Amino acid sequence: FLFILLGPKGKAKSYHEIGRAIATLMSDEVFHDIAYKAKDRQDLIAGIDEFLDEVIVLPPGEWDPTIRIEPPKSLPSSDKR
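What you see is a predicted model; the values in this text were computed from it and never measured. (Residues numbered from 1 in each chain as written. Predicted model: local features only at pLDDT ≥ 70, side-chain atom pairs only at ≥ 80, totals over all residues. Heavy atoms only, no water.)

1. Remarks on the packing of helix α1 (residues 12-27) against helix α2 (residues 29-37)
Pairs of packed helices are described in terms of their axes, by the angle between the two and the distance that separates them.
Consideration 1: Contact geometry of α1 with α2 gives a least axis separation of 5 Å together with a crossing angle of 95°. For the element pair α1 / α2, the angle class is roughly perpendicular. Where α1 abuts α2, its residues L25, M26 and S27 lie against E29, F31, H32 and A35. (Axes fitted to C-alpha atoms, helices over the stretch in contact; angles between N-to-C directions. Helix = DSSP H or I, 4+ residues; strand = E, 2+ residues; numbered from the N terminus. Parallel < 35°, antiparallel > 145°, perpendicular 65-115°, else oblique. Contact = heavy atoms within 4.5 Å.)

This is the structure we're talking about:
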């Protein structure tokens, strides 16, 4: 996959964060399969929506790395995802 983001100058930090988000998406095996099989933009957007429904997103400035985040009580099966 090749991801290209175009935008005006002066937003480098935002573009960096978008790149990190795409890398996180592509590291998920289920999303990777969805992206590979997508036929159009709507399929990719639906895959992103499904991914976001299943993950916990922590804002970068509000998380203390010294605090352990407990794993979820049960993990959804990849078939469900």
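Structure shown, so let's carry the discussion forward.
2. Let's talk about the pattern of salt bridges
Consideration 1: Scanning the entire structure with this criterion turns up 1 salt bridge.
Consideration 2: Across the pair E17 and R20 runs a salt bridge whose closest N-O atoms are separated by 3.4 Å. Placement of both E17 and R20 in helix α1 is noted, with a separation of 3 residues, approximately one turn of the helix.
Consideration 3: Taking the relative accessible area as the measure of exposure, R20 reaches 46% and is therefore partly exposed. (Salt bridge = Lys/Arg side-chain N within 4 Å of Asp/Glu carboxyl O. Buried < 20%, exposed > 50% of the residue type's maximum accessible area, 1.4 Å probe, protein only.)

3. Quick word on the packing of aromatic side chains
For any two aromatic rings, the description comes down to two numbers: the centre-to-centre distance and the angle of the planes.
Consideration 1: This structure, assessed with the given rule, holds 2 aromatic pairs.
Consideration 2: For the pair F1 and Y36, a centre-to-centre distance of 6.5 Å together with 80° between the ring planes defines the contact as edge-to-face. With a gap of 35 residues between them, F1 in the segment before α1 and Y36 in helix α2 connect regions that are remote in the sequence.
Consideration 3: Since its relative accessible area comes to 64%, F1 is described here as exposed.
Consideration 4: Looking at Y36, the relative accessible area reads 64%, which means it is exposed. (Phe/Tyr/Trp six-rings, centres within 6.5 Å; stacked < 30°, edge-to-face > 60°.)

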